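# Structural features, examined
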Amino acid sequence: MMKQLTTHTLPAISSSDIQLPAAAHLQLPEKVLQFGTGVLLRGLPDYFIDKANKAGVFNGRVVVVKSTGKGSTDAFADQQGLYTLCIRGIEQGQKVAENSLNASISRVLSAAAEWDEILHCAENPDMEIVISNTTEVGITLVDDNINAAPPVSFPGKLLAFLYRRYQHFSGRADKGMIIIPTELLVDNGKKLKEIVLELAARHQLAPAFISWLNDANHFCSSLVDRIVPGALPAQEQQAMQEALGYKDDLMIMAEAYRLWAIETADKKVQERLSFSKTDSGVVLAPDINVFRELKLRLLNGTHTFSCGLAVLAGFNTVRQAMEDADMEACISSLMLQEMAPAITDIYISDTMAAEFAQSVLDRFRNPHIAHQWVAITMQYTSKMKMRNIPVLLRHYERSQEPPRLMALGFAAYLLFMRSERTADGQYKGAVNGKEYTIQDDHAAWFHDEWKRLEAAVLVKEVLANTNLWGTDLTQLKGFARAVTDMLSALTRDGATAVIKKALTESRQPLAAGAQ
């Protein structure tokens, strides 16, 4: 019977297939307070911290705060915070398979049961950084009481922690914290700071504390990007445990790609975030919007232009699509030939866009990630507006030739949105006899339009709908005609045939004829 992973079983691990911590790494001081136990934090920030510790650079461990009442901290306690991270994927065209035993977490504390101990962490002179991932809902202003045990909200808990630290160290400027939220919100650091300051004002805390909060603490906006599916498939996990020689209930998998872009121009902050020195995936920059733009347009945008087409072509997952030569070429050409050139500007060079695009294609090819295309179609219309319409408009700033593959993606979106209403009020589309559910706030409107209009008229009506897109897309030269032609071909010939034809013609100019 395999022994459970603990600090006591570490010396007995002899496998050469895993990177192990040294005994000294288990004695490093606690320097980070982390709100959240989720796999994204364990697969990204905690990965970077552990890697830096193993390189002898950051030399600090993480106290994790479990804020929700769901689940328990027993697994972390049983394994003394240790867990295995299995990295699987493709990087620069090469397969990556790495295993690392992560020793960055010193302990996990429950906010509900151990709030006094969490506040005691504020008195630790080694504490420097707060990290959070409490979901987007976590960074909201609620009527909270920071004297409660614990406060209800994450900002309330953070303010209580900072106030205890201020009091304990008598407002010393060098004892401020670096606060880095990773929630998926634009300007998450700025928004969190605004909420914390508002809560401080509501509690009528002393002006001297407000000044310390503003001047001694650094709220850094950040952007995280890594797919961390969590636990390995059962058979694969069992095989990994047998190969490594121990049982690990916290073992997780992450893709090879990783990015943690942290917004700061402060040299002292950069010095304290020394874990950035050991992995190029950590980027410290005065403005991280360029990374957000690249991700939004080339990764998310390509997904959105491709998802309907992939479903219509019979692919269930992104991986399956990338294993098909024609669909892979279609997705690659869309991203590299049409989308990447459209987003380049004084901030995003051709080289930067091309390199990022290639990294995205590597991620799409990852055989260990089963990303469902139908899941990507959720709220298809709003994603199309936010992610892709700006790219389409920027394409037309550079060229009056309609982008053939963007037109194909838009046509596939329209066809995907053709549905039948079920008795229970759902909207179902179908391709080759296989049904799929449309989860989109505009599903009813599209259902009615498809019932009412011929395809060519529907295209013009949808493109001209400024309520959907914020602009009249029929004014883009030749785009309505291109979408109409693609929609007609998809309906007549099927997605597979249209993809082949589009690839053949993608380098040929598309006539910008009648709208």
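These numbers come from a predicted model, not from an experiment. Within each chain, residue numbers correspond to sequence positions counted from 1 in written order. It should be noted that, the model being predicted, local features are given only for residues of pLDDT at least 70 and side-chain atom pairs only at 80 or more, the latter also being counted only at that level, while totals for whole chains, interfaces and linings use all residues. The basis for the side-chain values is all heavy atoms of the structure; hydrogens and waters are excluded.

### What to know about the pairing of strand β4 (residues 94-102)
Where we set the bar: The rule for pairing is simple: two strands pair if DSSP sees at least two bridges between them. Strands here mean DSSP runs of E at least two residues long; helices mean DSSP runs of H or I at least four residues long; both are numbered from the N terminus.
As paired strands, strand β3 (residues 83-91) and β4 are joined by nine bridges and run antiparallel to one another. Within the sheet, the bridge partner assigned to I87 lies in β4 and is E98.

### Focus on the sheet that holds β4
Definition in use: Only the stretch in contact is used when a helix axis is fitted, and all axes are lines through C-alpha atoms; the angle between N-to-C directions ranges over 0 to 180 degrees.
Taken in spatial order, the three strands line up as β4-β3-β10 in an open sheet, and their pairing is mixed. The sheet terminates laterally at β4 and β10 (252-254), the two strands that pair on one side only. Averaged over all pairs of adjacent strands, the angle between strand axes in this sheet comes to 20°, irrespective of strand direction.

### Some remarks on the side chain of S306
Heads up, the condition is: In protein, a polar contact means a hydrogen-donor-capable atom and an acceptor-capable atom, both N or O and within 3.5 Å, with residues adjacent in sequence counting only if both atoms are side-chain atoms; elsewhere, any N or O pair within 3.5 Å suffices. When checking whether two residues touch, look at their non-hydrogen atoms; a contact exists if any pair is within 4.5 Å.
For S306, the position within the fold is in helix α10 (residues 289-312). In this structure the side chain of S306 is engaged in a polar contact, spanning 2.7 Å, whose partner is the backbone oxygen of T302. Other than its neighbours up to four places away in sequence, S306 contacts M327, I331, L334 and W373.

### Thoughts on the pairing of strand β12 (residues 282-285)
The cut-off we apply is this: Assignment of crossover handedness uses the view with strands pointing away from the viewer, where a clockwise path from the first strand over the helix to the second indicates a right-handed crossover.
Taken together, the four bridges between strand β11 (residues 259-263) and β12 define a ladder with parallel strand orientation. Bridging from a neighbouring strand, I262 pairs with L284 of β12. Running through helix α9 (residues 267-272), the crossover from β11 to the neighbouring parallel element β12 is right-handed.

### Focus: the confidence of the model for the chain
Operational definition: pLDDT is defined as a per-residue confidence score from the predictor, taking values between 0 and 100.
Of the residues in the chain, 97% have a pLDDT of 70 or more, and the chain-wide mean is 95. In the model, residues 510-515 has pLDDT below 50 throughout and makes 18 contacts with residues more than four positions away in sequence or in other chains.

### A word on the environment of T344
Here is the rule we go by: Buried, partly exposed and exposed residues are distinguished by accessible area as a fraction of the type maximum, computed with a 1.4 Å probe on protein chains only: under 20%, between the cut-offs, and over 50%, respectively.
Along the polypeptide, T344 turns up in the loop between α12 (325-343) and α13 (350-364). Residue classification places T344 among the buried positions, given a relative accessible area of 12%. For the pair formed by T344 and A456, sequence separation is 112 residues and the distance between their alpha carbons is 33 Å. With sequence-adjacent residues up to four places away left out, T344 is seen in contact with S349, D350, A353, R394 and R398. At a separation of 3.1 Å, a polar atom in the side chain of T344 contacts the main-chain carbonyl oxygen of P341.

### A short note on the nonpolar core
Selection criterion: In this description, a nonpolar core means a group of buried Ala, Val, Leu, Ile, Met, Phe, Trp, Tyr and Cys residues linked to one another through side-chain atoms lying within 4.5 Å.
In terms of nonpolar packing, the biggest core is built from 88 residues, with W373, F410 and L414 touching the most fellow members. If we skip the residues at most four places from it in the chain, L414 touches F446, W450, L458, V459, V462, V483 and L487.

### A few points about the packing of aromatic side chains
For clarity, the cut-off: In this analysis, rings of Phe, Tyr and Trp, with Trp reduced to its six-membered ring, are considered paired at centre separations within 6.5 Å, and the interplanar angle assigns stacked below 30 degrees, edge-to-face beyond 60, and tilted for intermediate values.
On inspection of all chains with the given rule, the structure shows 20 aromatic pairs. A ring pair is formed by Y413 and F446, whose centres lie 5.6 Å apart and whose planes are at 75°; its orientation type is edge-to-face. You can see Y413 sitting in helix α16 (residues 404-416) and its partner F446 sitting in helix α17 (residues 443-452), a full 33 residues away along the chain. Across the pair, F446 and Y413 agree in class, each one buried.

### What to know about the sheet that holds strand β9 (residues 222-225)
The strands that make up a sheet pair up through hydrogen bonds in the backbone, lying either parallel or antiparallel. A sheet is described by the order of its strands in space; here three strands give the open sequence β9-β11-β12, paired in mixed fashion. Of all strands in the sheet, those with a lone pairing partner are β9 and β12, marking the two edges. Recorded for the sheet is a direction-independent mean angle of 10° between the axes of neighbouring strands. Bridge count for β9 against β11 is four bridges, and the pairing is antiparallel. Each bridged residue has a counterpart across the sheet, and for V224 the counterpart in β11 is W260.

### With respect to the environment of W260
Topologically, W260 is positioned in strand β11. Linking W260 and V282, residues 22 residues apart in sequence, is a C-alpha distance of 4.8 Å. Here S222 takes part through its side chain, which lies 3.3 Å from a polar atom of the side chain of W260.

### Focus on helix α21 (residues 495-505)
Using the following cut-off: The arc in question is formed by the directions pointing from the helix axis toward the C-beta atoms.
Looking only at α21, the buried set comprises A495, V498, I499, A502 and L503. Along the axis of α21, the buried positions cluster into a sector of 135°, meaning they face one direction only. Of the surrounding elements, those touching the buried residues of α21 are α10, α12, α16 and α20 (479-493).

### Describing α13
Note the threshold: Multiplying one less than the number of residues by 1.5 Å gives the expected span of a helix.
The end-to-end C-alpha separation of α13 is 21 Å, in line with the 21 Å expected for 15 residues at 1.5 Å each. Within α13, the full set of buried residues consists of A353, F356, A357, S359, V360, L361, D362, R363 and F364. On its buried side, α13 packs onto β3, β9, α10, α11 (318-322) and α12.

### A short note on the packing of helix α6 (residues 188-202) against helix α7 (residues 207-215)
Applicable threshold: Throughout this description, any angle smaller than 35 degrees is read as roughly parallel, any larger than 145 degrees as roughly antiparallel, any in the 65 to 115 degree range as roughly perpendicular, and the remainder as oblique. Throughout this entry, Asp, Glu, Lys and Arg are counted as charged residues, while Ala, Val, Leu, Ile, Met, Phe, Trp, Tyr, Cys and Pro are counted as nonpolar. The remaining residues, Gly among them, count as polar.
The geometry of α6 relative to α7 is characterised by a closest axis approach of 11 Å and an angle of 175° between their N-to-C directions. When the axis of α6 is compared with that of α7, the two are roughly antiparallel. Contacts from K193, V196, L197 and A200 of α6 reach α7 at F209, I210, L213 and N214. For the contact of α6 with α7, the per-class residue count stands at six nonpolar, one polar and one charged.

### Considerations on the pattern of salt bridges
Between side chains of opposite charge, pairing is possible as soon as their charged atoms come close. Test applied: Here a salt bridge means any side-chain nitrogen of Lys or Arg lying within 4 Å of a carboxyl oxygen belonging to Asp or Glu.
Tallying each qualifying case throughout the model produces 25 salt bridges. A salt bridge links E420 to K451; its shortest N-O distance comes to 2.7 Å. With E420 in strand β13 (residues 420-421) and K451 in helix α17, the pair connects residues that are 31 residues apart, well separated along the chain. What emerges from the salt-bridge pattern is a single network uniting K51, E91, R258 and D279.

### Regarding unusual backbone geometry
In this structure, P150 follows A149 across a cis peptide bond, with omega equal to 5°. Mapped onto the elements of the fold, P150 is located in the loop between β6 (129-132) and α5 (154-168). One non-glycine residue with positive phi stands out, namely Q379, at about 50°. Examined against the element boundaries, Q379 turns out to sit in the loop between α14 (373-376) and α15 (380-398).

### Observations concerning the state of the cysteines
Cut-off, in case you're wondering: Disulfides are defined in this document as cysteine sulfur pairs within 2.5 Å.
A full pass over the atoms with the stated rule returns zero disulfides. The cysteine C330 is free of any disulfide, with C307 supplying the nearest cysteine sulfur at 12 Å. For C330, a relative accessible area of 5% translates into the label buried.

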